[in-house]
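Observations on the three-dimensional arrangement
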Amino acid sequence: MSFPPRRPSRPVLRRRRRGAALPTVLALVALLIAVLVGARVLADVWWFDELGFLPTFSRKLWLQLGLFVVGGALLAAAVAVSLTVGYRSRPVYAPLSTEQAGLDRYRESLEPLRRVVVVVVSVAAGLFGGSVAMSRWETLLLWLNRTSFGTRDAQFQLDQGFYVFTLPWLTFLVSFLTAAVVLAGVAGLAAHYLYGGLRLSGGGQRTTRAARVHLAVLATLFLLLRAVGYWLDRYELLTSASGHVRGVVGPTYTDVNAVLPAKAILTIVAVVVALLFLAAAFGLSWRLPAIGTGLLVVSAVAIGGIYPWAVQKFQVTPNRASAESEYVKKNIDATREAYDLSDVEVTTYEADTTTSSGQLTQDAQTIPSVRLLDPSVVSTAFQQTQGQRGYYKFPETLDVDRYTTADGTTQDAVVAARELNLAGLSPNQRTWVNEHTIYTHGYGVVVARGNDRNANGSPSYLEANVPTSGEVDIEQPRIYFGEGTTDYSVVGGRDNEIDYPDGSAAGFATTRYDGSGGVDVGGTLEKLVYALKFGDQNILLSSSVNAQSKILYDRTPRERVEKVAPWLTMDGDAYPSVVDGRVVWILDGYTTSASYPYSAQTELGEATTDTLTTTQGSSVQALQDRTVNYVRNSVKATVDAYTGKVTLYAWDETDPVLKAWRKAFPGTVQPTSEIDASLMQHLRYPQDMFKVQREVLASYHVTDPGSFLTGQDFWDIPEDPTTGADAAKAKQPPYYLTLRMPDQDEARYSLTTTYVPSSTANNSGTQVLRGFAAVDSDAGTADGERSPDYGKIRLLELPQSTTVNGPVQIQNNIRSDTAVADQVRLLSVGGSSEVIYGNLLSLPVGGGMLYVEPIYAQSTGNNSYPQLRKVVAVFGNSIAIDDTLDGALNKVFGGDSGADAGDQGAPPTGGQGTTPTQAPTQGPTPAPTGGATSGDPQADLQAALAAAKQAITDSSAALALGDFAAYGEAQQRLSTAVDSASAAEGRLEGTPAPAPTASPSASGAPPQGGTPSGTPTP
């Protein structure tokens, strides 16, 4: 009666409200998460279905879900069962001790929440286990669809497929089950200790019988799994790096004669100790398993550690060459096979360094194909001359392809797609409708001749302008899918899309997408799903989205291929080509493994990083940084730039890894026979594959085990000598060139690289040339038939007695050469122009090594771009600079090189030059050209420099106004002024005006002349 009746009811009501609120909030959160996840999954279902790859998505999804459920259930059950057994087998009365008294309050606090704690801990373990298990879906799928390699390893005589497909899955299973047993053991120890089944202090028995049985069973399972692990470790020795011979993968002498027997012994000991624990669980003394555990630890230290160390120290080290030779040979052979280097053709190349007239006569096919346009430099030139509008853009680094010209010859070309650039819209144009329904696509592919340019130094185009015109037949020029197209667009609906700028009253032509690509987004459900997916309510609310609308997203070529073929590693450079009148993106896909026996390991990210990926990584990317020891370019992929259709073609149909994936995802990869001739002629050897191969070949060109062990003849890829400080110490990228190697009958489209000694490649030592490699990159011209020489790597080894300068030395000589320095100084025009050194190309011609480097000049004014002004040629100690490659080569080789480069700088024929479809406006007033002479060389030089500076200013002003006629006239004045300045400087030095000869840079002799007055400068 002393307690009011309402007082006890209040807290009860408050507890009920709190109890009801929390589940409600949790339910709402769970519902929201389910809706968001469901929207993304449903969007993916529609996306994959539209592309025809829905079975790939569903198989991967169900497999991941199955692994998550099984793995999560296993770990959750292990923890839950162990906790429950520990609780239910607790003693009725906890032993009386200070330790147990201290635990009483924890037991009392935990008891009301015990079930909740068990559930939470088990669920946490399950989530961890499920996430780990689902990440191994590729490992499981490869094991389920494993194939034979057809070859066996030298140690265990097992098919190589066991190591690539089966061993990784078995290793994962053992490690996962071990984790489950360990977590169960931790949970069991905690439960038994908390509830008195296990004591750390006090008299009498420290454990109850139930606790002993429980923990002994777990210890038995752990030791049995450890025994299996020891046994599998024997096989993993074939795929792991040896600690006894640096860089060598696979078992060495110590591994075979000490480690392998030790692993077998440890396996037996672990099984025996496991049985002792099992016996102890059912009444046997615990002393025996305790002794066995100590024996296992001692065995692991003595047999697994000390014994191999002793064998290595006292048997191998004194006789290293003879002891390790057999195993190093296995490593060399397996590595060359795993990286497709087993058939590299090696030739000793006695490179000549002397020059003579007509020396390049036998290289008449190679010299006209020397690519002067640097794809990493001329992007700005493409943008300024072919950008047309701010909402178009070209990538930072362009691509190299081949096209057949009107006269039937095949031309190396620099290509780029004119893609959409929403960032180029003005602020008042950045509306949702404009960005997602009006400005939806780019337009056309621009193709420039690789070995020529216009008279003003700008690219000479095979295909250009808007609408597109030229020698390349493009029927569908619109670019809806491209490297720079990262946002979604809604097309085909109410709004007309801007197609390209024209001379109409509106200023642009319009179109409406009618391609097969995209997902229908006209229904309410579709609008809601995509509004949730992109977090944009405009998709649901805008009247621009109607029943005919389609949504385009995931539009970059690499992203699309990676989604439909997640088992592939994609090359970092997709490139556009015109195939059957359509613009398609071509990509290379790799199958990889880290489990090929005896093969050396390579870090993909490190091997594929060079100056292009470090300075211009947005358009050329390095591969993801992971370790592999087997690589094949097994798939060629295409993405249609208009429809987004993805097609996968098997390129290496003999690759066992590809065979396994084709079994896992049947019908997703088309056979090689389905590649038609028009696509075949644009396929090329991939850069990233060659980067990995050249990295491996730097060491594994050495095939003699004794020489390999000394490492004295290892090479390195030289640093790129033409880059600035921001790319310091980055590797020189490989270059696509059409050239004839010394042992070839005709010039072939190739990918090339150079080598320098590894001991001096990264310090101030002499970087002489030690090797030159070229891989045949011409895929062929027939339907479904690869060229028999495609992928053939030819390696030229320069003898130790031959001294030929490497790229870094050549670049240093070019920069220090007096004649080159004079021309560069004139090009800079007192600092108003920037001089850019293009890619330094290396060619094994004329019996030696020819280096060619284009030099560009770019005004510091607005809207300027690099213009190809000079070409430097170097052979041996002879260096020459001229307006054309022809001129430079003739100077190097005594007035007549014997080959015609054909880079005369004439404007392109057919009317497809750089003039845009825009009427010229009034440009700046022409200034004096600086061509007249006064008899005073100093005065003439100053006048010429002033005229050149004015011409550069006028060029920039003309570009800003879009007046290309005035721009061309100003460029002509600049060319005349530069020539006049060169002639005046020659008179000041007392040298004649005729054309100079090559200057032997190494001797330090001064140049024999300057550029003759009146010679036009491209």
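None of these values were measured; they are calculated from a predicted model.

It is worth spelling out the overall build of the protein at this point. Secondary structure assignment for the protein yields 26 helices and 34 strands. Looking at the 1018 residues of the protein, the share that counts as buried comes to 56%. The long-range share in the protein, meaning contacts at least 24 apart out of those at least 6 apart in sequence, stands at 71%.

Bringing helix H13 (residues 524-534) into the picture now. Residues of H13 that are buried include every one of Lys527, Val529, Tyr530, Ala531 and Lys533, and no others. Note on H13: the residue one or two positions beyond its end, Gly535, has a positive phi of about 60°.

Looking now at the nonpolar core. In this structure, Tyr530, Ile551, Trp567, Leu648 and Trp661 are the most contacted members of the largest nonpolar core, which totals 139 residues. Considering each element in turn, this core owes the most residues, ten residues, to helix H6 (residues 160-194). Counting residues in each nonpolar core, the second largest holds 64 residues, with Met741, Val852, Ile855 and Leu868 among its members.

A few words on a nonpolar patch on the surface. Together, Leu28, Leu31, Leu32, Val35, Leu36, Leu528, Leu532, Leu540 and Leu541 give the surface a local cluster of nonpolar side chains, amounting to about 800 Å² of exposed area. Contributions of two or more residues to the nonpolar patch are made by helix H1 (9-51), H13 and helix H14 (538-541). Broken down by element, the nonpolar patch gets its largest block of residues, five residues, from H1. Mapped onto the fold, Leu31 is located in helix H1. Classification of Leu31 by relative accessible area gives exposed; the value is 51%.

With that settled, the discussion passes to the sheet that holds strand E11 (residues 489-491). An order of E11-E15-E14 is seen for the three strands of this open sheet, with the pairing classed as antiparallel. Strands at the two margins of the open sheet, each flanked by one partner only, are E11 and strand E14 (519-520). Note that E14 and strand E15 (residues 550-552) share two bridges and pair antiparallel. From the neighbouring strand, Asp520 faces E15, where its bridge partner is Lys550.

So, on to the pairing of strand E22 (residues 646-650). Most of E22 is tucked away, with five of its five residues classed as buried. Residues Val646, Leu648 and Ala650 line one face of E22 and the alternating positions Thr647 and Tyr649 line the opposite face, and both faces are buried. Hairpin connection, strand E21 (residues 630-640) to E22: the antiparallel pair is bridged by five residues, and Gly644 has positive phi, about 80°. Sheet topology note: the E22/strand E23 (residues 669-670) ladder contains two bridges and is parallel. By the bridge assignment for E23, Tyr649 is matched with Gln670. Note on the crossover from E22 through helix H18 (residues 656-664) to E23: the handedness is right-handed.

Let us look at the confidence of the model for the protein. A residue-level look at the protein finds 86% of positions with pLDDT of 70 or above and a mean pLDDT of 86. Of the regions scoring below 50 in pLDDT, residues 1-17 engages in zero contacts with residues more than four places distant in sequence or in other chains.

All right, on to the sheet that holds strand E4 (residues 410-417) then. Taken in spatial order, the five strands line up as E3-E4-E7-E8-E9 in an open sheet, and their pairing is antiparallel. Here the strands that pair on one side only, and so sit at the sheet edges, are strand E3 (399-404) and strand E9 (469-470). Bridge count between E3 and E4: six bridges; the pairing is antiparallel. Its bridge partner being in E4, Asp399 is matched across the sheet by Val415. In the packing of helix H11 (residues 379-386) onto the sheet, the strands contacted are E4, strand E7 (445-453) and strand E8 (459-464), and the crossing angle to E8 comes to about 60°.

This part is about the packing of helix H2 (residues 54-88) against helix H4 (residues 114-134). How two helices pack is summed up by the angle between their axes together with the distance between the axes. For the pair H2 and H4, interaxial distance at closest approach is 7 Å and the crossing angle is 145°. Relative to H4, the crossing made by H2 is right-handed. Within the contact of H2 with H4, the residues separate by chemical class into 15 nonpolar, eight polar and one charged.

Most of strand E12 (residues 497-501) sits inside the fold, with five of its five residues counted as buried. With four bridges joining them, E12 and strand E13 (residues 508-511) adopt antiparallel strand pairing. Across the sheet, residue Glu497 finds its bridge partner in E13, namely Thr511. Counting the residues in the hairpin turn of E12 and E13 gives six residues, including Gly507, whose phi is positive at 90°.

On the secondary structure map, Gly887 appears in helix H24 (residues 885-892). Considered as a pair, Gly887 and Ala873 are 14 residues apart in the sequence and their alpha carbons are 9.3 Å apart.

Right, let's talk about the packing of aromatic side chains for a bit. If you walk through the whole model with that rule in mind, you get 36 aromatic pairs. The interplanar angle of 20° and the centroid separation of 6.2 Å between the aromatic rings of Tyr530 and Phe534 together place this pair among those described as stacked. Pair noted here: Tyr530 and Phe534 are both in helix H13, with a separation of four residues, about one helical turn. Exposure remark for Tyr530: the relative accessible area of 0% places this residue in the buried category. On the basis of relative accessible area, Phe534 is assigned to the partly exposed category, the value being 29%. Pairwise contacts between aromatic rings join Trp46, Tyr488, Tyr530, Phe534 and Tyr553 into one cluster. Above the face of the Tyr87 ring, Arg114 is positioned so that its terminal group lies 3.8 Å from the ring centre. The ring centre of Trp47 lies 4.1 Å from the NZ or CZ of Lys563, which sits over that ring.

For the peptide bond that leads from Val466 to Pro467, omega is -5°, which places it in the cis range. If you trace the backbone, Pro467 turns up in the loop between E8 and E9. Of note, the phi angle at Gln157 is positive, near 60°, even though the residue is not glycine. Note on placement: Gln157 falls in the loop between helix H5 (137-144) and H6. Judged by relative accessible area, which is 46%, Gln157 ranks as partly exposed. Of note, the phi angle at Asp340 is positive, near 60°, even though the residue is not glycine.

What follows covers the side chain of Lys636. Within the secondary structure layout, Lys636 lies in strand E21. Using a relative accessible area of 2% as the deciding quantity, one classes Lys636 as buried. Within the local environment of Lys636, its side chain forms a polar contact with the side chain of Asp588, the two groups lying 2.4 Å apart. A polar contact of 3.3 Å, which involves the side chain of Lys636, links it to the side chain of Asn633. Residue contacts for Lys636: discarding those within four places in its chain leaves Leu587, Asp588, Thr647, Leu648, Tyr649, Trp651, Leu683, Arg684, Pro686 and Tyr790.

Now for the side chain of Asn633. Here Asn633 is to be found in strand E21. At a separation of 3.5 Å, a polar atom in the side chain of Asn633 contacts the side chain of Asp588. Here the side chain of Asn633 touches Gly589 through a polar contact of 3.2 Å, landing on its backbone oxygen. Discounting residues that sit within four places of it in the chain, Asn633 has contacts with Asp588, Gly589, Tyr590, Trp651, Asp652, Pro686, Met689 and Tyr790.

The next thing to look at is the pattern of salt bridges. The full count for this structure, using the stated rule, is 31 salt bridges. Between Lys263 and Asp233 there is a salt bridge, and its shortest N-O distance comes to 3.5 Å. Note that Lys263 is positioned in helix H8 (residues 253-281) and Asp233 in helix H7 (residues 209-236), a separation of 30 residues in sequence. Across the salt bridge formed by Arg449 and Glu471, the nearest N and O atoms sit 3.2 Å from each other. Taken as a pair, Arg449 in strand E7 and Glu471 in the loop between E9 and strand E10 (478-479) lie far apart in primary sequence, 22 residues in all. The class for Arg449 is buried, based on a relative accessible area of 12%. Linked through salt bridges whose partners overlap, the residues forming this network are Glu345, Asp743, Lys792 and Arg794.

Among the structural elements, Arg430 can be located in the loop between strand E5 (419-420) and helix H12 (432-438). With a relative accessible area of 39%, Arg430 lands in the partly exposed category. Ignoring sequence-local partners within four residues, the contact set of Arg430 consists of Leu422, Ala423, Leu425 and Glu435.

Reading the values: rules and limits
- Residues numbered from 1 in each chain as written.
- Predicted model: local features only at pLDDT ≥ 70, side-chain atom pairs only at ≥ 80, totals over all residues.
- Heavy atoms only, no water.
- Helix = DSSP H or I, 4+ residues; strand = E, 2+ residues; numbered from the N terminus.
- Buried < 20%, exposed > 50% of the residue type's maximum accessible area, 1.4 Å probe, protein only.
- Contact = heavy atoms within 4.5 Å.
- Core = buried A, V, L, I, M, F, W, Y, C linked by side-chain atoms within 4.5 Å.
- Patch = residues over 30% accessible without salt bridge, like charges linked within 9 Å, V, L, I, M, F, W, Y side chains within 5 Å.
- Areas by Shrake-Rupley, 256 points an atom, 1.4 Å probe, with all protein chains shown as cover.
- Salt bridge = Lys/Arg side-chain N within 4 Å of Asp/Glu carboxyl O.
- Pairing = 2+ DSSP bridges.
- Right-handed = clockwise from strand over helix to strand, strands pointing away.
- pLDDT = per-residue confidence, 0-100.
- Axes fitted to C-alpha atoms, helices over the stretch in contact; angles between N-to-C directions.
- Left-handed = near helix turned anticlockwise from the far one by under 90°.
- Nonpolar A, V, L, I, M, F, W, Y, C, P; charged D, E, K, R; others polar.
- Phe/Tyr/Trp six-rings, centres within 6.5 Å; stacked < 30°, edge-to-face > 60°.
- Lys NZ or Arg CZ within 6 Å of the ring centre and 35° of its normal.
- Polar contact = N/O pair within 3.5 Å; in protein donor to acceptor, adjacent residues only side chain to side chain.

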